[in-house]
Amino acid sequence: MTNEEKEAKIAATELLSATRPLMGDVPPVSLGVICKVLGIEVYAMPCSSFGAVFSRKPTLFILANSNLKPGRFRFSVAHELGHFTLAHPSSFILADGKRVQGDARLERQADIFASELLLPESLLREDLKRGGVSASDLSKRYRVSRQALDIKLRTL
Ligand SMILES: [Zn+2]
């Protein structure tokens, strides 16, 4: 893991510990609570060209694609939260509705952040240690896609 990836993971862990008292029993992590604490409005609308974007102006907001399945939707919002928390530049949408491709390193950082935010390693390890849970149970418990879960499990 590169230093940038570690930085993303630490940022997610810090955000989780700051908001955990408000979140009640986790998992699943409440993105609603986290966005509220950070003062970020989340809007959902159907679109075909991007998962989610975020902006600091005119207000802090994340716009996410409501066509996504719940797990993918949550990951997209968490990814944008990563860009915000890690002080990356806002995303831009072009006139044709496509978003500007971000820097691959920043995208990777936002993905690592999202993965740790939704699937905190410490909680996941406890669940795995306890045993008797299938991957399908875990993806439901954490409200993530199987793909996001499988990727995370490979890093443990
Ligand atoms: Zn991104």
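Let me sum up the structure you'll find in this document. (Residues numbered from 1 in each chain as written. Predicted model: local features only at pLDDT ≥ 70, side-chain atom pairs only at ≥ 80, totals over all residues. Heavy atoms only, no water.)

Turning next to the overall build of the protein. Across its full length, the protein carries seven helices and three strands. For the protein, the C-alpha radius of gyration of 15 Å lies close to 15 Å, the compact-globule estimate for 156 residues. The principal-axis extents of the C-alpha atoms in the protein amount to approximately 50 × 30 × 30 Å. Across the 156 residues that make up the protein, the buried fraction comes to 42%. Restricting the contact set of the protein to residue pairs at least 6 apart, pairs at least 24 apart contribute 58%. Each charge class in the protein can be summarised by its mean position, and for the 22 positive and 17 negative side chains these summaries are 4 Å apart. (Helix = DSSP H or I, 4+ residues; strand = E, 2+ residues; numbered from the N terminus. Rg over C-alpha atoms; globule rule 2.2 N^0.38 Å. Buried < 20%, exposed > 50% of the residue type's maximum accessible area, 1.4 Å probe, protein only. Contact = heavy atoms within 4.5 Å. Lys, Arg positive; Asp, Glu negative; His and termini not counted. Charge placed at Lys NZ, Arg CZ, Asp CG, Glu CD.)

Another aspect to go through is the pairing of strand β2 (residues 52–55). Residues Ala52 and Phe54 line one face of β2 and the alternating positions Val53 and Ser55 line the opposite face, and both faces are buried. When β2 meets strand β3 (residues 61–65), the two strands line up antiparallel, connected through four bridges. Counted as the bridge partner of Ala52 is Ala64 from β3. Hairpin connection between β2 and β3: a loop of five residues separates the two successive antiparallel strands. (Pairing = 2+ DSSP bridges.)

The topology assignment puts Met23 in helix α1 (residues 3–23). In this structure Met23 comes out as buried when scored by relative accessible area, which is 11%. Distance from Met23 to Val33, taken between C-alpha atoms, is 6.7 Å for residues ten residues apart in sequence. If sequence neighbours within four positions are ignored, Met23 has contacts with Leu16, Val29, Ser30 and Ile34.

Structurally, the position occupied by Ser76 is in helix α3 (residues 70–85). Its relative accessible area of 10% is what places Ser76 among the buried residues. Apart from residues lying up to four places away in sequence, Ser76 is in contact with Gly51, Ala52 and Leu68.

Within the secondary structure, Lys9 is located in helix α1. Residues Lys9 and Asp111 lie 102 residues apart in sequence; the distance between their C-alpha atoms is 9.6 Å. A polar contact of 2.3 Å, which involves the side chain of Lys9, links it to the side chain of Glu121. (Polar contact = N/O pair within 3.5 Å; in protein donor to acceptor, adjacent residues only side chain to side chain.)

For any two aromatic rings, the description comes down to two numbers: the centre-to-centre distance and the angle of the planes. Applying the stated criterion across every chain, the model contains two aromatic pairs. Measuring from ring centre to ring centre gives 6.3 Å for Tyr43 and Phe61, while their planes differ by 70°; the resulting arrangement is edge-to-face. Remark: Phe61 occurs in strand β3 and Tyr43 occurs in strand β1 (residues 41–45); sequence separation between them is 18 residues. Where Phe54 meets Phe84, the ring centres are 6.5 Å apart and the plane angle is 80°; that geometry is what we call edge-to-face. Here the residue Phe54 occupies a position in strand β2, and Phe84 occupies one in helix α3, the gap between them amounting to 30 residues. Assigned by exposure class, Phe54 and Phe84 land together as buried. (Phe/Tyr/Trp six-rings, centres within 6.5 Å; stacked < 30°, edge-to-face > 60°.)

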